[in-house]
Structures are given as C-alpha cells and as structure tokens.
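# Understanding the architecture of this molecule
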Amino acid sequence: QVQLVESGGGLVQAGGSLRLSCVASGRIFRINAAGWYRQRPGKQRELVARILSLGTTTYADSVEGRFTISRDNAKNTVYLEMNSLKPEDTAVYYCNADIFTTVTNLANYWGQGAQVTVSS
C-alpha cells in the first residue's frame, strides 16, 4: 500500500511564503512523475505544477515565477515552494504521483490535501 502525506500548509499573509512537502511511503520502487494540484473554493481542482522523473517542470500560468516544484528521490519527497502568495492562492493543495510499486506496476496516488490560506 502506498500513501502520500502532505504537510506545510497553514495561514500566511499576502506576500508571504510557504513550503509544502509530500512524502510517499509504503511499497515504492520508484516515483515517476509527480505534481501539485489545488482546489479553490467553488472551483474545480487544477494543476499547479508538475515534475517529471528527470526533473523537467511545468507550471500553471497563474503561479509561474512564484512557485517552484522540486523532488528528493532519496527521500521519496516532493516539495512546492510558494512565494509572493496572493489571496487567490487560497485552496486545498493536493499531492499527486505516478508510482512504480514494482518494476512494471505503475499506479496513480493522491494525498489527503493541505489547506493553504492567504490573508489580504
């Protein structure tokens, strides 16, 4: 069984910073692609940032230049550094990853979500 656990959410003032962490545990052979999604109040879940196995990154236009996604393969951890936060960044942030549990068995997993609230 594989679990993704996010941490690092909280309340911050506009212009501030937070770093989210997502730790994968359980039967893990290798993490392939991973990403952070968010669901703002009254909105659909949207992709914020994604990182491929070799480190290639992509970002939503709304966070480009402010957010940075990174990974530590040795720790099975994915990070989201969020700077210059805006009230519109308020959302529940979810970690998502494609994980090989064996050499050939690939499945997609979600974390439980971390609340990020940015006050104006």
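Residues numbered from 1 in each chain as written. Predicted model: local features only at pLDDT ≥ 70, side-chain atom pairs only at ≥ 80, totals over all residues. Heavy atoms only, no water.

Before going further, it helps to spend a moment on the state of the cysteines. Counted by the stated rule, this structure contains one disulfide. Between the sulfur atoms of Cys-22 and its disulfide mate Cys-95 the distance is 2.1 Å. Judged by the torsion about the S-S bond (-80°), the Cys-22/Cys-95 disulfide is left-handed. With Cys-22 in strand β3 (residues 18–26) and Cys-95 in strand β9 (residues 91–100), the pair connects residues that are 73 residues apart, well separated along the chain. Here Cys-22 falls in the buried class, since its relative accessible area comes to 1%. For Cys-95, a relative accessible area of 0% puts it in the buried group. (Disulfide = S-S within 2.5 Å. Helix = DSSP H or I, 4+ residues; strand = E, 2+ residues; numbered from the N terminus. Buried < 20%, exposed > 50% of the residue type's maximum accessible area, 1.4 Å probe, protein only.)

What follows concerns the packing of aromatic side chains. Geometrically, a pair of aromatic rings is defined through the distance of the ring centres and the angle of the planes. Following the criterion strictly, the structure yields two aromatic pairs and no others. Cluster of aromatic residues (ring-pair linked, three or more members): Tyr-37, Tyr-94 and Trp-110. The ring of Tyr-94 carries Arg-45 above its face, with NZ or CZ at 3.7 Å from the centroid. Above the face of the Trp-110 ring, Arg-45 is positioned so that its terminal group lies 4.6 Å from the ring centre. (Phe/Tyr/Trp six-rings, centres within 6.5 Å; stacked < 30°, edge-to-face > 60°. Lys NZ or Arg CZ within 6 Å of the ring centre and 35° of its normal.)

Once that is clear, we can look at the sheet that holds strand β1 (residues 2–7). Read from one edge to the other, the open sheet built from four strands follows the order β1-β3-β8-β7, with strand pairing classed as antiparallel. Because the sheet does not close on itself, it has two edges, and the strands there are β1 and β7 (67–72). Across the sheet, the mean angle from the axis of one strand to that of its neighbour is 15°, orientation sign disregarded. (Pairing = 2+ DSSP bridges. Axes fitted to C-alpha atoms, helices over the stretch in contact; angles between N-to-C directions.)

Structural measurements only, silent on function.
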